Amino acid sequence: MADQQDDVCALLNHADEPGLERAIAKARELVDRLDNVVLNIAVTGAAGAGKSTFVNAFRGLSDTDEGAAPTGETETTMEIRAYPHPTMPNVKIWDLPGIGTKNFKAKTYVKDVKLQNYDFFIIVSEKRFREYDIMLAKEIQKNKKNFYFIRSMIDQDIANAERRGVTENDTLQKIKNDCQENLRELGSPPVFLISSLYLGRFDFSELLSALETDLPDRKSDALVRSLPVYSRQCLEKKYNTFQKAVWALAVVSGGIAAAPVPGLSAACDVAMVATFFTTCYRSFGLDDNSLTKLGMRVDKPILQMVKESKLVQAIAGKTFLSSQFVARLGAAGIIESVCSLVPVAGNIAAAGVSFATTRSVLLEGLKELYRVALQVIEMAELT
Ligand SMILES: Nc1nc2c(ncn2[C@@H]2O[C@H](COP(=O)(O)OP(=O)(O)O)[C@@H](O)[C@H]2O)c(=O)[nH]1
Ligand SMILES: [Mg+2]
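Residues numbered from 1 in each chain as written. Chains lettered and ligands numbered in written order. Predicted model: local features only at pLDDT ≥ 70, side-chain atom pairs only at ≥ 80, totals over all residues. Heavy atoms only, no water.

J.: Before we move on, can you summarise the packing of aromatic side chains with the specific residues and values?
T.: Within the structure shown, the criterion is met by 14 aromatic pairs. Residues Phe129 and Phe149 carry aromatic rings whose centres are separated by 4.6 Å and whose planes lie at 65° to one another, so their mutual orientation is edge-to-face. One end of the pair, Phe129, is in the loop between strand 4 (120-125) and helix 5 (131-142); the other, Phe149, is in strand 5 (residues 146-151), and 20 residues separate them in sequence. By relative accessible area, which is 5% here, Phe129 ends up buried. For the ring pair Phe242 and Phe284, a centre distance of 5.9 Å and an interplane angle of 75° mean the geometry is edge-to-face. Of this pair, Phe242 sits in helix 10 (residues 232-256) while Phe284 sits in the loop between helix 12 (270-283) and helix 13 (288-298); the two residues are 42 residues apart in sequence, bridging distant segments of the chain. Residue class for Phe284 comes out buried when judged on its relative accessible area of 3%. (Phe/Tyr/Trp six-rings, centres within 6.5 Å; stacked < 30°, edge-to-face > 60°. Helix = DSSP H or I, 4+ residues; strand = E, 2+ residues; numbered from the N terminus. Buried < 20%, exposed > 50% of the residue type's maximum accessible area, 1.4 Å probe, protein only.)

J.: So what's going on with the layout of surface pockets? Residues and values would help.
T.: The computed volume of the second largest pocket comes to approximately 380 Å³. Around the second largest pocket, the lining is made up of 17 residues, and of these Leu30, Arg33, Asp217, Asp221 and Lys244 lie nearest the centre. Residue composition of the lining of the second largest pocket, grouped by class: eight nonpolar, two polar and seven charged. Lining the lining of the second largest pocket are residues from two domains, each supplying at least three of them: domain 1 (2-35 + 229-380) and domain 2 (37-226). (1 Å grid on protein atoms, 1.4 Å probe; cavity = no way out; pocket = protein on both sides within 12 Å on 5 of 7 lines; lining within 4 Å. Points joined across faces, edges and corners; volume = space filled by probe spheres on them. Nonpolar A, V, L, I, M, F, W, Y, C, P; charged D, E, K, R; others polar. Domains from an automatic or database assignment.)

J.: Please set out the site of ligand 1 residue by residue, giving values where relevant.
T.: Not every one of the 17 residues close to ligand 1 is listed here, only the nearest: Gly48, Ser52, Thr53, Gly72 and Asp155. Here Gly48 contributes a backbone N or O atom positioned 2.7 Å from an oxygen atom of ligand 1. Here Ala49 contributes a backbone N or O atom positioned 3.1 Å from an oxygen atom of ligand 1. Surface burial for ligand 1 is 82%, taken as the share of its 570 Å² of free accessible area covered by protein chains. Secondary structure elements with two or more residues in the shell around ligand 1: helix 3 (51-58) and helix 6 (154-163). In terms of residue count, helix 3 provides more of the shell around ligand 1 than any other element does, three residues in total. (Near = heavy atom within 4 Å. Polar contact = N/O pair within 3.5 Å; in protein donor to acceptor, adjacent residues only side chain to side chain. Areas by Shrake-Rupley, 256 points an atom, 1.4 Å probe, with all protein chains shown as cover.)

J.: Break down the nonpolar core for me, citing the residues and quoting the values.
T.: Residues Phe276, Phe277, Phe284, Leu286, Val306 and Leu369 are the most contacted members of the largest nonpolar core, which totals 42 residues. Top element by residues in this core is helix 18 (residues 350-380). It accounts for eleven residues. When near neighbours in sequence (up to four residues on either side) are disregarded, Val306 contacts Leu286, Leu291, Val312, Val372 and Val376. In this structure, Ala57, Phe120, Leu208 and Leu227 belong to the second largest nonpolar core, which totals 33 residues. (Core = buried A, V, L, I, M, F, W, Y, C linked by side-chain atoms within 4.5 Å. Contact = heavy atoms within 4.5 Å.)

Next up, the structure:
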């Protein structure tokens, strides 16, 4: 009984709401958001600025992957195109033509591209920002939306400058100064120096931090979960967003289990657990496709190592028939440790018991996936 009271206290603390009912309502809302947050990111800039390559990198795709935005193409038909995230289709990146192009005249641009539909704008340039880029930023500002300037293809600038004996730091500083000078009439907003070939280098993590600060929490979490794992810090952020969601998932699952608890498979909502683990597994880049790509990039056989985790095997095997899934989780040693929490039978309120059990299962499984993903990062020598 004491355990149950502790759980309810923990729940109320997390929910930051007076009253159990309101806490449960808030949990339901959070779980809804976990799957249904809509995020529309607009990427704009001149032809050849590196927009499509950035759109692909943001979605964890290389240029040759199925569904990747075509890159290096001469833009003849200028159109707005949406690129949904491969595993989170509610996160969409839009490849927008620059302002002042043939089909998108400056005067009617705001109306034509439906500026209001986007959460924020990324304005890309591979050189200095153009007059049109600045004009667009002003329109975005008028519409009370945020924009972020990206100076793209930084890896190329560095390679070129190194050939002339200029150091990386000097090159980065010079480009940053030039860009800010270039954007003086906008009050010299920050400019993020990015290479879409190496998201883990240069200013991508600063860009992410700025976005996290500016976006509402639920959108910021969706963004973090959707990004490819490009660094250890990115993986940690992902882990934190999932940890935050666990209590809400456990509450909602508790509400579903209305009967006394005969055993574990009835105590927690197995379908929900399976969905949650699959989401984490994809977000951590543990699926075959992501691992193969990473393995090729860094020339290391990462895939085999990951396959040693029984939980990863269970998720990859897609055995979502409840009993089989639970059996596989049991084999992974995750459920065993929480079995003791479940009474064999009894009239303890099922919701309370289920909350504790489910929370433990979710936290343990999440920790296991995080552990494997960290090993992957170490093997790939991403920092
Ligand atoms: N080295 C390097 N090349 C890039 C980068 N981003 C884009 N490119 C190349 O620049 C060219 C134009 O890029 P693309 O994404 O098609 O530009 P868009 O017209 O703005 O969509 C392509 O050949 C890309 O491969 C980058 O970060 N580094
Ligand atoms: Mg393009």
